[in-house]
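# Notes for the structure review
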Amino acid sequence: MGASVRAGALPSEADIVVVGAGIIGASIAHQLTLRGRSVVVLEQASRTGAGATGLSGGMVRAYDPDPVVAELAQLSLDTYQDPAQWQSRRSPLHSVCALTIQDPAMEQLLRESAAQLGPSAQVITDSPYLGVHLDGGIALAEQRGGYVPAVTVTDDWLRQACSRGASLHYRVRVLGIEKDDGRCRVHTGAGEILARSVVVAAGAWAAQPLAGAHRQHPVRSRSIQVSVVLRDPAESAHGTFIDLRTGAYGKPVGDNRSVIGLPHLVWDEEPGRGYAEPDTRHAELTAKTVTPYLPWVAEAERAAILRTVDGYCDTGELCEPTEVAGVWSVRGWNGGGVKVAPEAGRRIAETVIAGI
């Protein structure tokens, strides 16, 4: 996985520097260049998807218990569905149906949400549905929901940004940011850049704030881990699902694999580089927890366990000013960045431009 876009020497100046080439940073860079700004994107890893973006299940749906996130998610789903928005001219969305499972006591709320989402959404009470058992719950089924390949989406936005003049630089670590005669001086291991504004979209890396980019709502890093399990050919592909009662989730991958996950509550992980050592006990718990939804998982062969970290925060706006004027810090998305990335990137870009 990883972008093949590369750039030459680090520019000495830019309108805006985006720190972080994950899916949120890529969306912001794409939107900024659409608005005619010169942009430099800095990524300390050697490839796209080295952090949380590369391990994301990429599940997208319009429903969310938080109405603010739900608005972003619905508009983002529209973007994912539109082929004209992508350099490839192909929608990255795999519409396999997205099931959000809740306690039966939430039925009225789910029915109200389904009515707002339109005819493609409905409340499901009978089980199984599209290969997913509901384990005593009920589900809001969004037929146009499903998943996107997060790294492919990120690459597409970076390519679009670079085609409009942005430069993308891997293996560049930002050391600090300071004000310099009305502009922001970005200190990196590869040189310095003067910019009118800086956007820090570093995910878990923001748990170790850059000098000059401390945010109002601190980000903590938390482990995320998924298992890839082999699906018997006799088992048909299933819809994506997440059970809000437990956090268990799953999605199909190709013809014979599925990704399954469960919150891994290990906090303040060192972001590090690359993937962390898997937690096999948690992988076993994940399989046990997911089996009521996908019974075949109990006997399934585990193909891989993947673990990295993501940035989490308790609250916050889409982006917030820091102690250095012109420097913005993007909020952590608590594992939900992919489903809001198109619209969040657009709004953050507009906020940053308005602040210049």
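Residues numbered from 1 in each chain as written. Predicted model: local features only at pLDDT ≥ 70, side-chain atom pairs only at ≥ 80, totals over all residues. Heavy atoms only, no water.

## What to know about the packing of aromatic side chains
Within a pair of aromatic rings, the relevant descriptors are the distance that separates the centres and the angle that separates the planes. Under the convention used in this document: To pair, rings of Phe, Tyr and Trp, with the six-membered ring standing in for Trp, must have centres within 6.5 Å; the planes then decide the type, stacked if under 30 degrees apart, edge-to-face if over 60, and tilted in the middle. For each residue, the accessible area found with a 1.4 Å probe, counting protein chains only, is set against the maximum for its type, and the residue is called buried under 20%, exposed over 50%, and partly exposed in between. Our definition puts a charge over a ring when NZ of Lys or CZ of Arg is within 6 Å of the ring centre and also within 35 degrees of the ring normal.
On inspection of all chains with the given rule, the structure shows 4 aromatic pairs. Residues Tyr80 and Trp86 carry aromatic rings whose centres are separated by 6.0 Å and whose planes lie at 0 degrees to one another, so their mutual orientation is stacked. Accessibility assignment for this pair places Tyr80 and Trp86 in one class, buried. Every member of this aromatic cluster is reached through a ring pair, and the members are Tyr80, Trp86 and Trp157. The ring of Trp267 carries Arg222 above its face, with NZ or CZ at 5.5 Å from the centroid. We note Arg331 situated over the ring of Trp333; from NZ or CZ to the ring centre the distance is 4.2 Å.

## Some points on unusual backbone geometry
Stated precisely, the cut-off is as follows: Counting from the N terminus, the helices are the DSSP runs of H or I reaching at least four residues and the strands are the DSSP runs of E reaching at least two.
In this model, Ser127 is joined to Pro128 through a cis peptide bond whose omega is 0 degrees. You can see Pro128 is positioned in the loop between strand E5 (121-124) and strand E6 (138-142). Positive phi, normally seen in glycine, also occurs at Asp135, with a value near 50 degrees. Relative to the helices and strands, Asp135 resides in the loop between E5 and E6. With relative accessibility at 41%, the residue Asp135 sits in the partly exposed group.

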